[in-house]
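# Descriptive analysis of the structure
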Amino acid sequence: MAVSITPSSGTTPEQSAAGLPPAVLIEDLAFRWPGKGEFQLQVPHFHLDQGDTCFLLGPSGAGKSTLLSLLAGLAAPNQGSIQLAGHALENASRRARDRFRGDHVGLIFQQFNLVPYLSPMANVLLPCQFSARRRERAGPVPREQAQSLLAALGLDPAKLPRDVRHLSMGQQQRVAAARALIGAPEILLADEPTSALDHDHRDQFVDLLLGQARANGSSVLFVSHDRSLQTRFHQQQDIRQWRSDLTTREAD
Ligand SMILES: Nc1ncnc2c1ncn2[C@@H]1O[C@H](COP(=O)(O)OP(=O)(O)OP(=O)(O)O)[C@@H](O)[C@H]1O
Ligand SMILES: [Mg+2]
């Protein structure tokens, strides 16, 4: 039976010195996409402490976005458990996972997923429409937080076209990032969030993302092929360790 998401009971040895459950805890996970027999992700154990950041790399098609989909509750594992900040996702209903994601997770999709009929500003404000918690955490006037996030990312909302389809890829990526950051979600999942940015905007973006995460105590899982960024994160993981058919000697 599908259940809602409640904090897992009991104290686990995974709790940090501060007594907090990890931001992300995966145990004994196995996942296949239906009809894709050759692809299997197996994660015996992964954890990310609250406030910590992780850089995830690996070759195209190895399953980085799939892992983020599982953590975001957009897909459910075939086996094993996923806990976010002590809340078990794996047996929750789709609706409960969606609500949990809206309240606690900022997600930057690889394809941005901006809503085409909404303006850039309305896209950024979207999490505050769906989640009272995000709206409260966005301050008394969420639009002001949206404006300052966009400005910090080098975008002037007054100068952006109203139609998001007229934004450049780099502009879309930054609007998607501001949407993920608004309302200070505890967990940020960023799927190649700098792929469309030039060098200066990339650095500005990573500074902002990690700075916001630090200020809010948020944890970050950051997917990228850009190894020059990896030392900025507390931990580095290669997705190939969770694919029994891939070796880490292959180039990514
Ligand atoms: N929604 C889906 N339905 C079915 N198969 C999928 C789906 N999404 C991804 N896959 C398959 O899962 C495997 C891993 O894909 P995924 O997108 O997770 O890789 P990736 O590491 O993010 O690659 P890239 O670096 O190109 O973004 C691929 O074989 C892909 O075809
Ligand atoms: Mg991907």
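For the structure, see preceding data.
These numbers come from a predicted model, not from an experiment.

This part is about unusual backbone geometry. With phi around 55°, asparagine 113 is a residue other than glycine that occupies positive phi space. With respect to the helices and strands, the residue asparagine 113 is situated in the loop between strand 6 (105–108) and helix 3 (120–130). The class of asparagine 113 is partly exposed, set by a relative accessible area of 39%. One non-glycine residue, alanine 184, adopts positive backbone phi at about 45°. One can find alanine 184 in the loop between helix 6 (169–181) and strand 7 (187–191).

Strand order across the open sheet formed by 5 strands is 6-7-8-3-9, with parallel pairing between neighbours. Every interior strand has two partners, whereas the edge strands, strand 6 and strand 9 (235–238), have only one. With direction set aside, neighbouring strand axes in the sheet form an average angle of 15°. Its contacts with the sheet put helix 1 (residues 64–71) on strand 3 (53–57), strand 7 and strand 8 (219–223), and the angle it makes with strand 7 is roughly 155°. Against the sheet, helix 2 (residues 94–104) touches strand 6 and strand 7, its axis set at about 90° to strand 6.

Around ligand 1 sit 14 residues in total, of which Lys36, Ser60, Lys64, Thr66 and Gln110 are the nearest. A distance of 2.8 Å separates an oxygen atom of ligand 1 from a polar side-chain atom of glutamine 110. For ligand 1, the protein covers 67% of the area, taking 630 Å² as the surface of the free molecule. A molecule is said to occupy a pocket when more than half its atoms come within 2 Å of that pocket's grid points, and by this definition ligand 1 occupies the second largest pocket. Class assignment for the residues of the shell around ligand 1 results in 4 nonpolar, 7 polar and 3 charged.

This paragraph deals with the environment of leucine 84. Structurally, leucine 84 is set in strand 4 (residues 79–84). Taking the C-alpha atoms as reference, leucine 84 lies 9.3 Å from alanine 72; in sequence the two are 12 residues apart.

Okay, helix 1 next. For an α-helix, the turn length of 3.6 residues means that residues three or four places apart are oriented alike. In terms of residue burial, helix 1 counts as a mostly covered element, since 7 of its 8 residues are buried. What helix 1 keeps buried is the set Lys64, Thr66, Leu67, Leu68, Ser69, Leu70 and Leu71. Those residues of helix 1 hidden inside the fold are in contact with strand 1 (24–31), strand 2 (41–48), strand 3, strand 4, strand 7 and strand 8. Just past helix 1, the residue glycine 73 takes up positive phi, approximately 80°.

The rules behind the values
- Residues numbered from 1 in each chain as written.
- Chains lettered and ligands numbered in written order.
- Predicted model: local features only at pLDDT ≥ 70, side-chain atom pairs only at ≥ 80, totals over all residues.
- Heavy atoms only, no water.
- Helix = DSSP H or I, 4+ residues; strand = E, 2+ residues; numbered from the N terminus.
- Buried < 20%, exposed > 50% of the residue type's maximum accessible area, 1.4 Å probe, protein only.
- Pairing = 2+ DSSP bridges.
- Axes fitted to C-alpha atoms, helices over the stretch in contact; angles between N-to-C directions.
- Contact = heavy atoms within 4.5 Å.
- Near = heavy atom within 4 Å.
- Polar contact = N/O pair within 3.5 Å; in protein donor to acceptor, adjacent residues only side chain to side chain.
- Areas by Shrake-Rupley, 256 points an atom, 1.4 Å probe, with all protein chains shown as cover.
- 1 Å grid on protein atoms, 1.4 Å probe; cavity = no way out; pocket = protein on both sides within 12 Å on 5 of 7 lines; lining within 4 Å.
- Sits in = over half its atoms within 2 Å of the grid points.
- Nonpolar A, V, L, I, M, F, W, Y, C, P; charged D, E, K, R; others polar.

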